[in-house]
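So you can see what is in the structure, the chains are spelled out below.
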Amino acid sequence: ICSVAVFSQQLKVVEPLRKDAMSTDAIKYSKTDYSGNKCALIRMGLLLPNAKFEGDVFHSEYKNGEWWIYMTNDATYIKILSNDYLPLEYNFPETLKSSVTYIMTIEKPKGDPEPEVLTENFLRFF
């Protein structure tokens, strides 16, 4: 008999989503969704290269400790997934607008996630 206990921690929003009025990245590096509409761009500070995203995500890529996440116009939330952390769903304060760059920061808990704890129980006959 073998039992496994997994301890997961939660990611934390440390800087909520806001427009980056100084950035033209959403225009300069624009992506168009399947309907031909320009996407909004979220530049997310998150040191987690194996993260995955759900919601109205069109494309995402990890660049030097930052995620560039292209989302469709009028998106209202994003869900961040990782094998090491509990899923985090973040509802935007306003719907996203095409060709606008947004920024936000997500932080991992201090230290590494707790490793899996493996216990083995054997029944032996002599």
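Here is what the cut-offs are and how they apply
Residues numbered from 1 in each chain as written. Predicted model: local features only at pLDDT ≥ 70, side-chain atom pairs only at ≥ 80, totals over all residues. Heavy atoms only, no water. Salt bridge = Lys/Arg side-chain N within 4 Å of Asp/Glu carboxyl O. Buried < 20%, exposed > 50% of the residue type's maximum accessible area, 1.4 Å probe, protein only. Helix = DSSP H or I, 4+ residues; strand = E, 2+ residues; numbered from the N terminus. Lys, Arg positive; Asp, Glu negative; His and termini not counted. Polar contact = N/O pair within 3.5 Å; in protein donor to acceptor, adjacent residues only side chain to side chain. Contact = heavy atoms within 4.5 Å. Pairing = 2+ DSSP bridges. Core = buried A, V, L, I, M, F, W, Y, C linked by side-chain atoms within 4.5 Å. Axes fitted to C-alpha atoms, helices over the stretch in contact; angles between N-to-C directions.

Trainee: Let's hear about the pattern of salt bridges: which residues, and what values?
Mentor: Per the stated rule, a full pass over the model turns up 6 salt bridges. Glu15 is paired through a salt bridge with Arg18; the nearest N and O atoms lie 3.2 Å apart. A relative accessible area of 34% means that Glu15 is categorised as partly exposed. A salt bridge links Asp25 to Arg43; the shortest N-O distance between them is 2.4 Å. Of this pair, Asp25 sits in helix H1 (residues 25-28) while Arg43 sits in strand S4 (residues 40-45), placing them 18 residues apart in sequence. Bridged by salt links that share partners, the residues Asp25, Arg43 and Glu66 form one connected network.

Trainee: Quick rundown of the side chain of Asp33? Include the residues and the values.
Mentor: Structurally, the position occupied by Asp33 is in the loop between H1 and S4. Look at Asp33: it is buried, it has no salt bridge, and the nearest opposite charge is Lys38 at 11 Å. A polar contact is formed between the side chain of Asp33 and the backbone nitrogen of Ser35, at a distance of 2.9 Å. Leaving out residues up to four positions away in the same chain, Asp33 has contacts with Cys39, Phe58 and Thr72.

Trainee: Any details on the sheet that holds strand S5 (residues 52-55)? Residues and values, ideally.
Mentor: Strand order in the open sheet formed by 4 strands is S2-S9-S8-S5, and the pairing between neighbours is mixed. One side of each edge strand has no neighbouring strand; the edge strands of this open sheet are strand S2 (9-10) and S5. Of the strand pairs in this sheet, S5 and strand S8 (residues 77-82) are connected by 4 bridges, and their pairing is antiparallel. Bridged to Lys52 within S8 is Leu81.

Trainee: Go over the side chain of Asp25, please, and point to the residues and values.
Mentor: In this structure Asp25 comes out as buried when scored by relative accessible area, which is 12%. Each residue touching Asp25, except ones within four places of it in the same chain, is listed here: Ser30, Leu41, Arg43, Trp68 and Thr101.

Trainee: Can you lay out the nonpolar core for me, pointing to particular residues and giving the numbers?
Mentor: In this structure, Ile42, Met44, Leu46, Ile80, Phe92 and Leu96 are the most contacted members of the largest nonpolar core, which totals 23 residues. At the level of elements, S4, strand S7 (66-71), S8, strand S9 (85-91) and strand S10 (101-107) are the ones that each hand at least two residues to this core. In this structure, Ala26, Cys39, Leu41 and Trp68 belong to the second largest nonpolar core, which totals 5 residues.

Trainee: Kindly report on the sheet that holds S4, identifying the contributing residues and their values.
Mentor: Across the sheet, 5 strands lie side by side as S3-S10-S4-S7-S6; this open sheet has mixed pairing. Taken across any chain shown, the strands that pair with only one partner, and hence form the sheet edges, are strand S3 (12-19) and strand S6 (57-63). Averaged over all pairs of adjacent strands, the angle between their axes in this sheet comes to 15°, without regard to strand direction.

Trainee: Please give an account of the pairing of S4 that cites residues and values.
Mentor: Each regular strand shows side chains that alternate between the opposite faces of the sheet. Sheet topology places S4 next to S7; 6 bridges connect them, and they run antiparallel. Paired with Met44 across the strands is Trp67, a residue of S7.

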